[in-house]
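These are the residues of each chain, in order.
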Amino acid sequence: MSHHTDITTPNASPYQGLTGIYTIDPAHSTIAFSVRHAMITNVRGKFTAFEGTFRLDGTHPTRSEAHVSVQTGSLDTGIAQRDAHVTGPDFLDSATFPLMSFHSTGIVEAGDGRFLMDGGLRIKDIEVPLHIDLEFGGAGEDANGQNRVGFEGTATLKRSDWGIDWNSALATGGVLISDKVKLTLDISAVRLDTQ
């Protein structure tokens, strides 16, 4: 990818050629989380079933939009018993609320390929504002001739904001599971159109 600036359009956005509608490629994307456990270690997990679309505006990146939905029952922490507890009624209650969803409400450029995305995260029919720090990972054509873009993102949320406040006191003081959850997004998306 050339980094030479086109002298005819000195103020052109570096994302000019990326305008279009993209769909997340779940096979090459990860939606993961970590939460402190027993005040000592981090439990890590990921969701394995999700989908989403982006409308990227390469000329005015701040006008871009994102919509993502995640199947709450697809949680995988590597321990089946723990997965069953977290997807059960104490936490995500995936039988009653099979999907959680995110939609962007605004994007601000932070320079150097970084963006701040504001949006609403809906879990168990409660929507709470969420701020995601995004970093543009690159764009290009893959081996199949498809146009791809990549983003990495991080966000921190408090599960109690969605009423997910189950916990257990520890004999040593403190609680079993932290209220704070860190989200990590590694997204690869394929362009559907070539506007």
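Quick caveat, the model's predicted, so the values are computed rather than measured.

Rules behind the numbers
- Residues numbered from 1 in each chain as written.
- Predicted model: local features only at pLDDT ≥ 70, side-chain atom pairs only at ≥ 80, totals over all residues.
- Heavy atoms only, no water.
- Helix = DSSP H or I, 4+ residues; strand = E, 2+ residues; numbered from the N terminus.
- Buried < 20%, exposed > 50% of the residue type's maximum accessible area, 1.4 Å probe, protein only.
- Areas by Shrake-Rupley, 256 points an atom, 1.4 Å probe, with all protein chains shown as cover.
- Salt bridge = Lys/Arg side-chain N within 4 Å of Asp/Glu carboxyl O.
- Phe/Tyr/Trp six-rings, centres within 6.5 Å; stacked < 30°, edge-to-face > 60°.
- Polar contact = N/O pair within 3.5 Å; in protein donor to acceptor, adjacent residues only side chain to side chain.
- pLDDT = per-residue confidence, 0-100.
- Contact = heavy atoms within 4.5 Å.

### Notes on the overall build of the chain
When its secondary structure is counted, the chain shows 1 helix and 11 strands. Looking at the chain residue by residue over its 195 residues, the buried ones come to 40%. Surface exposure of the chain reaches about 11,200 Å², of which carbon and sulfur atoms provide 53%.

### Concerning unusual backbone geometry
Backbone geometry places K124, a non-glycine residue, at a positive phi of 55°. Summarising the element assignment, K124 is placed in the loop between β8 (114-123) and β9 (126-141). Residue class for K124 comes out buried when judged on its relative accessible area of 18%. With a phi close to 65°, D125 is a non-glycine residue in the positive phi region. Here D125 is to be found in the loop between β8 and β9.

### Things to note about the pattern of salt bridges
Per the counting criterion, the structure on display carries 5 salt bridges. Between E135 and R114 there is a salt bridge whose closest N-O contact spans 3.4 Å. Taken together, the residues E135 in strand β9 and R114 in strand β8 connect sequence positions 21 residues apart. For E135, a relative accessible area of 32% gives the class partly exposed. When its relative accessible area of 41% is taken as the criterion, R114 is described as partly exposed.

### Quick word on the packing of aromatic side chains
Counting across every chain of the model gives 5 aromatic pairs. Summarising the aromatic geometry, the rings of F33 and F47 are spaced 5.8 Å apart at their centres and angled 45° between planes, so their arrangement reads as tilted. Residue F33 is located in strand β2 (residues 30-37), and its partner F47 is located in strand β3 (residues 41-47); the two are separated by 14 residues in the primary sequence. Classification of F33 as buried rests on a relative accessible area of 13%. Taking relative accessible area as the criterion, F47 reaches 7% and is therefore assigned buried.

### Concerning the side chain of D142
Looking at the element boundaries, D142 is found in the loop between β9 and β10 (147-158). Within polar-contact distance, the side chain of D142 engages the backbone nitrogen of N144 at 2.9 Å.

### Things to note about the confidence of the model for the chain
Taken as a whole, the chain shows an average pLDDT of 88; of its residues, 86% reach a score of 70 or greater. Of all helices and strands in the chain, the one with the weakest mean pLDDT is β3 (87), whereas strand β5 (residues 65-71) scores best (98). Within the model, the stretch residues 1-9 combines pLDDT values under 50 with 2 contacts to residues more than four positions away or in other chains.

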